[in-house]
Amino acid sequence: MVTPHRPTGAVPAPALRTVLGDLPPQALRGRFDAHDHLFLTTPQLPGQELADTGAAAAELRAFQEAGGGTVAQWTPYGMGRRASELAYLSRESGVRIVAATGLHQAAHYAPETLARVRKDLAGLFVAELTEGIGGPGGPRAGLVKVAGGFHGLDAHARHTLSAAAEAHHATGAAIGVHLELGTGALDVLDLLCDGAGVPPQHVILGHLNRSPDTAVHRTAAEAGAYLAFDGPSRAHHATDWRLPEALAALVDAGYGDRVLLGGDTTTAGARSVDGGPGMPYVVLGLRRRLELTLEKEAVERMLTVNPARAFATEWRA
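Residues numbered from 1 in each chain as written. Predicted model: local features only at pLDDT ≥ 70, side-chain atom pairs only at ≥ 80, totals over all residues. Heavy atoms only, no water.

Caption draft 1: Spotlight on the sheet that holds strand β5 (residues 96-98). Strands sit in the order β3-β4-β5 across an open sheet of 3 strands; the sheet is parallel. Taken across any chain shown, the strands that pair with only one partner, and hence form the sheet edges, are β3 (31-36) and β5. Between one strand axis and the next, the sheet turns by 20° as a mean value, whatever way the strands run. Relative to β5, strand β4 (residues 68-73) is paired through 3 bridges, and the arrangement is parallel. Counted as the bridge partner of Ala72 is Val98 from β5. (Pairing = 2+ DSSP bridges. Helix = DSSP H or I, 4+ residues; strand = E, 2+ residues; numbered from the N terminus. Axes fitted to C-alpha atoms, helices over the stretch in contact; angles between N-to-C directions.)

The structure is reproduced here in structure tokens:
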């Protein structure tokens, strides 16, 4: 059990924890890609690894030139984060990077890896959030990334979500949740918020673009969670062509402040420097498309104010 750090003095101001240090939300410049990957390896995507530092640097430069200023890399523990290179990439590009700790679905790991880390999963998350990824001196994570299942939560998901809740209570970190094909959002909120006491404003539900269920979207927004619509331009997902109407429904209902946008680049071919949409598309093509339906000010908030607030917290450790 991780014991929360209880401050005895003044409550700290909200800050984003980047790989170069903590920053107040108002210090950010440029637009924010709220869910993406610079590095990613998994047996589920053989031969499509994001493992090229030069390509990651080029992608960040293209993102910065397109008006991007900050990216949240949701790559969790054991999936090729290359955390030791993130500080260099951030300095070289001028793009702020929020790195993740956490654990994905069991299918992404060898059984022996899961057996080792499950013994103290919350402790692992807290250490990477407060001491550094790879140990003291490494870049600190600023997000816990975990995952649900398809229309439900299996035992692995419940264990990792519970560990994420424990890490949140110890540190204040936001919890980003991969929703399989965009499903299971309300099950996740039931476990994290109703069951484990995580304030919903510290939960980011990912991939809601993949399941354009406006009733679920509105229910999650009403609860106070952040809703990430990420992974544009994937033909097998209900993404671009349904996204404007889904976001318009949230804005019309008064929940435009809960919306985040991201690219979720998971394969080399999806990077802009390799011919895909990549990170620049989020702040260029996707933004322009949404502005045909939504007010420009609403879209701009989704790319600036909303993510800065979603990832910021009053760090307790």
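From this point, things continue past the structure.
Caption draft 2: Structural detail: the side chain of His104. With respect to the element layout, His104 can be found in the loop between β6 (100-102) and α3 (111-117). Those residues in contact with His104 that lie beyond four places of it in its chain are Pro76, Met79, Tyr109, Lys145, Ala147, His156 and His178. (Contact = heavy atoms within 4.5 Å.)

Caption draft 3: Expanded view of the packing of helix α1 (residues 53-65) against helix α2 (residues 86-93). At a minimum axis distance of 9 Å, the contact between α1 and α2 shows a crossing angle of 35°. The element α1 and its partner α2 pack so that their crossing is right-handed. Seen from α1, the contacting residues are Thr53, Ala56, Ala57, Leu60, Arg61 and Gln64; seen from α2, they are Leu89, Glu92 and Ser93. (Left-handed = near helix turned anticlockwise from the far one by under 90°.)

Purely spatial values, then, with no claim about function.
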